[in-house]
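Chains, contacts and geometry: an overview
Residue-level listing of the chains:
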Amino acid sequence: MSTRRVVVTGLGMITSLGRGVERNWTGMLEGESGVRRIRRFDSTGMEVRIASEVYPLPHVPQDDDTDQVGLHARFAYIAGVDAWADSGLADGGADPDRVGVFLGSGKGVADLPMLTPALKAAHQPGDFDYGVYMKTLAETYALERRELECYYQSGTYVAAAVDARGPNWVCITACAAGNHALGEAFEAIVHGDADVILAGGAHSQIDHMSLAGYGTLGALSDRNDEPHRASRPFDRKRNGFVLGEGGGVLILEELEHAKARGADIRAELVGYGNTADAHRATDPHPEGICAERAMRQALSRARIDRSDVGYINAHGTSTAQNDSMETAAMKRIFGPKGEAPPVSSVKSMLGHLIAAAGAVEAIACVRALQEGVVPPTINYENEDPVCDLDYVPNTARDLKDLSYVMNNSFGFGGQNITTIFKKFE
């Protein structure tokens with residue numbers, strides 16, 4: 001069995017709270033919400049008019065025109081180069097052929113603005129001319145637009161930014177993708193495929209089509225008059241998640257490689273679990289059977305007992321199904337309130353960053369280990385009899401004896417990912 005260990009040596013993130021780990025961490029500990037009325041486009045008349053936007057949008061290289069780089073790649077670039085600089089590797093210390101990029105990602109742009117002219121041209125009273133539609137689409141749908149849509153753009157853009165010529169892997173397992181990328185990067189380093197990997201996720205789905213699609217599923221909160229109170233994981237009056245966006249990247253590095261260059265080691269990644277519900281395309285298994293199995297796998301891989309886990313960063317989306325399922329799964333492993341460790345969801349503040357969620361939440365786990373304090377679940381006001389654990393309501397909590405923290409990410413379609421971080425001493 002390999003003895004290669006994996007540590008965290010750099011962090012970078014951008015969310016609705018701002019750019020930079022310290023800005024975000026301070027905001028989370030203060031219970032600051034990034035949810036607002038949508039500003040990027042006119043949402044008048046839509047059922048859901050709120051989101052957790054990165055605003056104003058940041059510029060990146062090759063971005064003289066804001067349409068030249070997809071939002072997912074833009075967020076990945078910012079989180080990636082910030083993490084790279086934070087690790088000290090921007091000044092050298094790693095062989096580019098042994099540096100990889102593993103990212104959770106989503107589609108870069110929405111189709112609607114480019115499809116609309118073709119749809120309009122093809123529409124005839126009482127009919128739809130598909131020939132005109134295809135002809136107009138071919139004339140108006142630019143090749144550059146197609147490139148912006150591609151999931152892989154984020155991985156290639158980050159690799160080019162830091163000259164990472166090792167393995168490059170982009171994961172599209174929806175809400176689990178950012179944490180999934182961390183787990184697979186962990187495996188790649190353990191097995192010797194790379195010495196350093198920029199791992200995490202980046203995504204934006206704040207657009208007309210995504211709001212309409214998730215709204216049709218009944219997955220989004222429509223508390224348009226109280227945006228900052230809309231995301232309320234585990235609260236009895238929760239009524240859906242809030243779309244967020246951004247990116248988070250962690251520099252994962254083989255321990256001896258990090259020591260040899262005198263790196264500042266923030267934490268160690270020790271556990272990884274990966275399962276599938278094989279249940280439905282949109283709903284999790286109601287009892288969380290395979291979510292439970294992912295957590296148990298991560299505990300086994302970390303070679304620790306359930307009692308060693310001092311905090312769980314929950315997937316905690318603020319939907320009825322996820323929060324009850326996740327609670328049931330955690331209780332079967334850790335026991336009831338009083339036995340189970342404190343649990344919180346930073347989605348209460350940042351919204352749901354989809355493919356980036358697990359990555360920014362992993363950064364929160366690392367900072368919790370470093371400082372001995374955990375972020376709250378804001379907007380927790382009404383106890384739910386089926387969600388009856390300690391969710392660190394509304395106020396951050398000191399937990400100075402933290403040694404291990406667990407990070408859960410559960411995606412649409414039943415992808416279940418759990419990672420475990422250990423305090424490095």
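Because the structure is a prediction, the values reported are computed rather than measured. (Residues numbered from 1 in each chain as written. Predicted model: local features only at pLDDT ≥ 70, side-chain atom pairs only at ≥ 80, totals over all residues. Heavy atoms only, no water.)

Here's the deal with the overall build of the protein chain
The condition that has to hold: Where helices and strands are cited, they refer to DSSP runs of H or I of at least four residues and of E of at least two residues respectively, numbered from the N terminus. Values of the radius of gyration come from C-alpha atoms, whereas the globule rule sets the reference at 2.2 Å times the count of residues to the power 0.38. Here's how the labels work: a residue is buried when its accessible area is under 20% of the maximum for its type, exposed when over 50%, partly exposed in between, all with a 1.4 Å probe on protein chains only. Contacts between residues were defined by any pair of non-hydrogen atoms, one from each residue, lying within 4.5 Å.
Scanning the protein chain from terminus to terminus reveals 13 helices and 17 strands. Taking 2.2 N^0.38 as the reference for a compact globule, 425 residues should give roughly 22 Å; the C-alpha atoms of the protein chain span a radius of gyration of 21 Å, in line with that estimate. Referenced to the eigenvectors of the C-alpha coordinate spread, the extents of the protein chain come out at roughly 70 × 55 × 40 Å. In the protein chain, buried positions account for 59% of the 425 residues. Put simply, of all contacts in the protein chain between residues at least 6 apart along the chain, 78% involve residues at least 24 apart.

Here we look at the pairing of strand β5 (residues 99-105)
Inclusion rule: When DSSP finds two or more bridges between two strands, those strands count as paired.
Along β5, seven of the seven residues are buried, which leaves the element largely enclosed by surrounding structure. Side-chain alternation along β5 places Val99, Val101, Leu103 and Ser105 on one buried face and Gly100, Phe102 and Gly104 on a second face that is also buried. Of the pairings in the sheet, the one linking β5 to strand β9 (residues 196-204) comprises seven bridges and is parallel in character. Bridging across to β9, Gly100 finds its partner in Ile197. In this sheet, strand β8 (residues 168-171) lies alongside β5 in parallel orientation, the contact comprising four bridges.

Here we look at the packing of helix α10 (residues 289-302) against helix α11 (residues 320-334)
Where we set the bar: A fitted line through C-alpha atoms serves as each axis, taken over the contacting stretch for helices, and the angle formed by two N-to-C directions is quoted from 0 to 180°. Note that the term roughly parallel is reserved for angles under 35 degrees, roughly antiparallel for angles over 145, roughly perpendicular for angles of 65 to 115, and oblique for everything else. For any helix crossing, the convention is left-handed if the near helix is rotated counterclockwise from the far helix by under a right angle, and right-handed if that rotation is clockwise. Any residue that is not Ala, Val, Leu, Ile, Met, Phe, Trp, Tyr, Cys, Pro, Asp, Glu, Lys or Arg is counted as polar, Gly included; the first ten are nonpolar and the last four charged.
Running from N to C, α10 and α11 point in directions that differ by 45 degrees, and their axes come no closer than 8 Å. Regarding the angle of α10 to α11, the classification is oblique. Seen from above, α10 lies across α11 with right-handed handedness. For the pair α10 and α11, the contacting residues are Ile289, Ala291, Glu292, Met295, Arg296 and Leu299 in the first and Met325, Ala329, Met330, Arg332, Ile333 and Phe334 in the second. Among the residues making up the contact of α10 with α11, the classes are represented as nine nonpolar, no polar and three charged.

Considerations on the environment of Ala263
Tracing the chain through its elements places Ala263 in the loop between α9 (255-260) and β11 (267-276). Spatially, the C-alpha atom of Ala263 lies 9.1 Å from that of Gly10, the residues being 253 residues apart in sequence.

A look at the state of the cysteines
Definition in use: The rule for a disulfide is simple: a pair of cysteine sulfur atoms within 2.5 Å.
Across all of its chains, the model carries zero disulfides by this definition. Cysteine Cys171 is unpaired, with the sulfur of Cys175 as its nearest cysteine sulfur at 11 Å. For the unlinked cysteine Cys365, the closest cysteine sulfur is that of Cys175, found at 17 Å. You can call Cys365 buried: its relative accessible area is 0%.

Details of the nonpolar core
Counted only if it meets this: The set of buried Ala, Val, Leu, Ile, Met, Phe, Trp, Tyr and Cys residues whose side-chain atoms join them within 4.5 Å is what this entry labels a nonpolar core.
In this structure, Met28, Ile197, Leu250, Leu252, Leu402 and Phe421 are the most contacted members of the largest nonpolar core, which totals 49 residues. Examining the composition of this core, we find that nine residues originate from one element, helix α13 (residues 357-371), more than from any other.

Remarks on helix α4 (residues 130-140)
Note the cut-off: It is the directions from the helix axis to the C-beta atoms whose arc is reported. A 3.5 Å cut-off defines polar contacts: any pair of N or O atoms within that distance qualifies, except that in protein one atom must be a possible hydrogen donor and the other a possible acceptor, and neighbouring residues in sequence count only when both atoms are side-chain atoms.
Regarding α4, the residues found buried are Tyr133, Thr136 and Leu137. One side of α4 carries all its buried residues, which in axial view fall inside an arc of 105 degrees. Projecting away from the buried face of α4 at angles above 90 degrees are the exposed residues Met134, Lys135, Ala138 and Glu139. The opening residue of α4, the one whose side-chain oxygen lies 3.0 Å from the backbone nitrogen of Gly131, is Asp129.

Section: the side chain of Asn408
In this fold, Asn408 is placed in strand β16 (residues 404-411). Relative accessible area serves as the criterion here: at 0%, Asn408 is assigned to the buried category. A polar atom in the side chain of Asn408 sits 3.3 Å from the side chain of Glu326. At 2.8 Å, the side chain of Asn408 and the side chain of Thr418 are in polar contact. Sequence-distant contacts of Asn408, defined by excluding residues within four places in its chain, comprise Asn179, Met295, Ile312, Asn313, Ala314, His315, Glu326, Met330, Glu361, Ile417 and Thr418.

Topic: the environment of Val374
Locating Val374 in the fold gives a position in strand β14 (residues 373-374). Accessibility expressed as a relative area gives 0% for Val374, which makes it buried. Sequence separation of Val374 and Thr156 is 218 residues, and the distance between their C-alpha atoms is 34 Å. If near-sequence neighbours (up to four positions away) are discounted, Val374 is found in contact with Leu29, Tyr311, Ala368, Val392, Ala396, Arg397, Leu399 and Leu402.

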